[in-house]
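# Structural overview
Here's the letter readout for the chains.
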Amino acid sequence: MYPKLKFSYDSLTSERVKSCFLYCSLYPEDHPIQIDELIHCWIGEGFMDEHTDLSTARNQGRFFIGSLIEACLLEKVRFSDRVRMHDVVRDMALWIVGEFEKDKFLVKSGVQLKELPEAEKWEEIRRMSLMDNQIENLTEILECPNLQTLFLSSNDLKVIMDDFFNSMPMLRVLDLSDNTNFEELPVGIAKLVSLEHLNLSFTKIRKLPVELRALEKLKYLNLEWTRDLEMIPQQLISSFSKLQVLKMMRCGYGCSLLLEDLEHLKYLNVLTLTFRSASELEKASRFNKFFSCAIEHVSLLDFRDSRSLNILALANLQNLCSIKCTNCMDLKEVKIESNIVEGARYFHSLRYVGLTYCKQMMDVSWVIFAPHLEKLLIRGCNSLEEIISEEKVDEVTDSKANTNLFSRLEQLDLCRLPKMKTIYCHALPFPRLKKISIVKCPMLKKLPLNSNSAKGQRLIIKGEKGWWKDVEWEDESTRTAFLPLSDLSNL
């Protein structure tokens with residue numbers, strides 16, 4: 001079978017795309033691969049054009065993924081930003097590597113290893129994946145002079161000996177993420193002088209060793225969800241002079257402590273941050289416009305110092321893709337200022353908004369300024385009565401707000417909103433809507449839909465058993481256009 005399947009591989013347009021495809025076989029069977037993370041690994045490996053900037057390289061990576069999906073060598077995971085490789089296609093990719101490629105892989109992902117595997121010739125291995133196993137300790141020195149990628153994510157790592165990395169001078173991509181018992185980086189990581197990509201997300205590391213300064217080629221550093229991280233040495237981050245991507249959303253170390261460091265990163269292109277107070281957000285908004293252009297994802301977490309938030313503090317971040325607001329218990333209102341500049345491009349890049357457990361929030365009318373919003377998730381907001389307030393919309397002139405509400409929205413997820421009575425008072429066209437999920441919203445009796453809504457779309461409505469039957473439709477004929485998710489198994 002493999003020689004026949006290999007025709008699709010042989011038909012790929014370039015050697016770069018072929019390398020990117022084979023790289024996907026490092027992940028476990030049927031593993032949903034986060035697209036953005038995959039592209040950054042490709043960039044770290046040097047698969048993109050050498051002299052291009054990061055933005056162009058990412059676009060090139062997305063084009064490669066599109067080509068692989070079109071060739072049926074990758075498949076898109078529905079309602080997500082992930083792809084996966086069919087297990088037969090993955091087996092074929094590993095067969096190609098073993099039979100035809102000079103770059104040797106060692107792939108032992110998802111096979112319940114508890115210690116390092118054995119290999120005949122460690123020195124020949126170029127890429128190694130030991131992810132999704134049960135390895136606890138790395139206490140052997142591996143002679144891997146040609147190793148460029150090492151995946152150790154999703155293990156039970158507790159200890160990595162200081163000398164473990166001594167013989168990996170060519171390592172460019174290191175992924176230690178999702179090791180939830182891993183607390184301390186070995187100082188020997190400083191020996192990885194070629195390292196460009198370091199992922200430490202979802203670990204329990206408490207500090208970054210000052211020895212990391214030796215990683216002069218580092219371009220990508222992921223510290224997201226390192227909630228126990230308490231100490232980053234002064235000027236360590238600014239010492240990574242080539243850093244292009246810094247991810248710190250839900251990092252335990254306060255981003256306000258790094259603002260001055262960030263100003264020195266002249267190549268910084270992607271930045272994710274968490275703000276824990278309105279004052280911290282305001283302080284950041286006054287800082288260098290250069291790094292504010294890099295901010296792509298923002299988390300507002302545990303606000304306790306303010307009942308209202310001026311949304312303009314975020315609106316001018318021109319590359320902001322997502323906003324997550326979580327456990328802001330006292331935040332009651334997100335203000336839409338009357339002095340909004342007419343014709344300005346607010347939230348032009350914003351694709352995702354998530355609000356969870358903001359128990360005083362009354363509405364989210366400010367999203368009318370997000371013309372390209374694709375997903376809206378609201379959960380556990382006990383005081384929320386409506387999504388879009390008609391009164392607030394009327395206060396803003398048509399030329400200032402997005403008059404075609406939710407014109408790009410694909411998913412609407414509403415859960416545990418006991419007081420919500422309406423999404424919006426009028427029916428909306430929702431030309432791209434694919435899925436509505438409504439759970440535990442007992443006061444909501446009417447959706448903003450009629451016979452012109454979601455035309456040409458196969459719309460899925462997910463709700464508690466029996467809920468969708470009690471919905472009061474604008475047009476009874478519309479009822480046939482919707483499909484409860486629970487009935488999909490009968491198709």
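Not measured: the values here are computed from a predicted model.

## Quick word on the overall build of the chain
Counting its secondary structure elements, the chain contains eleven helices and 23 strands. Taking 491 residues into account, the globule formula puts the C-alpha radius of gyration at 23 Å, and the chain, at 24 Å, falls close to it. Principal-axis analysis of the C-alpha atoms gives the chain an extent of 70 × 55 × 40 Å. When the accessible surface of the chain is totalled, it reaches about 22900 Å², and 45% of it is carbon and sulfur. The centroid of the 64 positive side-chain charges in the chain is displaced by 3 Å from the centroid of its 70 negative side-chain charges.

## A word on the pairing of strand E21 (residues 435-439)
Within E21, four of the five residues are buried, leaving the element largely enclosed by the surrounding structure. Judged from the five bridges that link them, strand E20 (residues 411-415) and E21 form a sheet pairing that is parallel. Following the sheet pairing, Leu412 is matched in E21 by Ile436. Note that E21 and strand E22 (residues 459-463) share four bridges and pair parallel. Paired with Lys435 across the two strands is Ile460, which belongs to E22.

## What about the layout of surface pockets?
The space that makes up the second largest pocket amounts to roughly 380 Å³. Taken together, 16 residues form the lining of the second largest pocket, with Ile43, Asp49, Glu50, Thr52 and Lys219 sitting closest to its centre. Classifying every residue of the lining of the second largest pocket by side-chain character gives five nonpolar, three polar and eight charged.

## So, unusual backbone geometry
Although it is not a glycine, Arg416 adopts a positive phi angle of roughly 55°. The phi angle at Lys440 is positive, at roughly 55°, despite the residue not being glycine. Among the structural elements, Lys440 can be located in the loop between E21 and E22.

## Some words on the sheet that holds strand E1 (residues 33-34)
One open sheet accounts for three strands, arranged E1-E3-E2; its pairing is antiparallel. Strands at the two margins of the open sheet, each flanked by one partner only, are E1 and strand E2 (75-76). The pairing of E1 with strand E3 (residues 82-84) spans two bridges and is antiparallel. Among the inter-strand pairings, Ile33 is bridged to a residue of E3, identified as Val83.

## A word on the nonpolar core
By size, the foremost hydrophobic cluster in this structure holds 118 residues, and its most contacted members are Phe347 and Ile387. Non-local contacts of Ile387, meaning those with residues more than four positions away in its chain, are made with Asp363, Val364, Ser365, Leu376, Ile378, Phe406, Leu414, Met420, Thr422 and Ile423.

## Description of a negative patch on the surface
Taken together, Asp162, Asp163, Glu184 and Glu211 make up a surface patch of like negative charges. Relative to the elements of secondary structure, Glu184 occurs in the loop between strand E9 (173-175) and strand E10 (197-199). For Glu184, a relative accessible area of 55% gives the class exposed.

## A closer look at the confidence of the model for the chain
Mean pLDDT over the chain works out to 88, with 90% of the residues at or above the 70 mark. Across residues 469-491, confidence stays below pLDDT 50; counting only partners more than four residues off in sequence or on other chains, it has 39 contacts.

## Description of a positive patch on the surface
Side chains of Lys76, Arg78, Arg432, Lys434 and Arg458 sit close together on the surface and give a patch of like positive charge. Secondary-structure assignment places Arg78 in the loop between E2 and E3. By relative accessible area, Arg78 is classed as exposed at 54%.

## What about the state of the cysteines?
Summed over all chains, the structure comprises zero disulfides. Unpaired in this structure, Cys321 has its nearest cysteine sulfur neighbour in Cys293, at a distance of 13 Å. What makes Cys321 partly exposed here is its relative accessible area of 25%. Just so you know, Cys425 is unpaired, no disulfide at all, and the nearest cysteine sulfur is the one on Cys441, 18 Å from it.

## A short note on the side chain of Lys435
By the element assignment, Lys435 lies in strand E21. Nearest to the buried, unbridged Lys435 among oppositely charged side chains is Asp413, at 6.1 Å. Among all residues touching Lys435, those that are not within four sequence positions of it are Phe79, Glu410, Gln411, Leu412, Leu459 and Ile460.

## Quick look at the environment of Arg408
For Arg408, the position within the fold is in the loop between helix H11 (390-395) and E20. The class of Arg408 is partly exposed, set by a relative accessible area of 30%. Measuring from C-alpha to C-alpha, the distance between Arg408 and Lys375 comes to 8.8 Å, with 33 residues separating the pair along the chain.

## A look at the packing of aromatic side chains
Two measures describe an aromatic ring pair: the distance that separates the ring centres and the angle between the ring planes. This model, assessed by the stated rule, comprises twelve aromatic pairs. Relative to Phe430, the ring of Phe406 lies with its centre 5.9 Å away and its plane at 10°, an arrangement referred to as stacked. Highlighted residues: Phe406 in the loop between H11 and E20 and Phe430 in the loop between E20 and E21, separated in sequence by 24 residues. For the pair Phe406 and Phe430, one class covers both residues: buried.

## So, the pairing of strand E16 (residues 322-326)
Most of E16 sits out of view: four of its five residues are buried. Sheet topology note: the strand E14 (residues 295-301)/E16 ladder contains five bridges and is parallel. Paired with His297 across the two strands is Ser322, which belongs to E16. The sheet contact formed by E16 and strand E18 (residues 352-356) spans five bridges and is parallel. Residue pairing in the sheet places Cys325 in a bridge with Leu355 of E18.

## Some thoughts on the environment of Pro28
Turning to its location among the elements, Pro28 is positioned in the loop between helix H2 (15-23) and E1. In this structure, the C-alpha to C-alpha distance between Pro28 and Arg213, residues 185 residues apart in sequence, is 33 Å. Ignoring sequence-local partners within four residues, the contact set of Pro28 consists of Arg90, Ser109, Met131 and Asp132.

Parameters at a glance
- Residues numbered from 1 in each chain as written.
- Predicted model: local features only at pLDDT ≥ 70, side-chain atom pairs only at ≥ 80, totals over all residues.
- Heavy atoms only, no water.
- Helix = DSSP H or I, 4+ residues; strand = E, 2+ residues; numbered from the N terminus.
- Rg over C-alpha atoms; globule rule 2.2 N^0.38 Å.
- Areas by Shrake-Rupley, 256 points an atom, 1.4 Å probe, with all protein chains shown as cover.
- Lys, Arg positive; Asp, Glu negative; His and termini not counted.
- Charge placed at Lys NZ, Arg CZ, Asp CG, Glu CD.
- Buried < 20%, exposed > 50% of the residue type's maximum accessible area, 1.4 Å probe, protein only.
- Pairing = 2+ DSSP bridges.
- 1 Å grid on protein atoms, 1.4 Å probe; cavity = no way out; pocket = protein on both sides within 12 Å on 5 of 7 lines; lining within 4 Å.
- Points joined across faces, edges and corners; volume = space filled by probe spheres on them.
- Nonpolar A, V, L, I, M, F, W, Y, C, P; charged D, E, K, R; others polar.
- Core = buried A, V, L, I, M, F, W, Y, C linked by side-chain atoms within 4.5 Å.
- Contact = heavy atoms within 4.5 Å.
- Patch = residues over 30% accessible without salt bridge, like charges linked within 9 Å, V, L, I, M, F, W, Y side chains within 5 Å.
- Salt bridge = Lys/Arg side-chain N within 4 Å of Asp/Glu carboxyl O.
- pLDDT = per-residue confidence, 0-100.
- Disulfide = S-S within 2.5 Å.
- Phe/Tyr/Trp six-rings, centres within 6.5 Å; stacked < 30°, edge-to-face > 60°.

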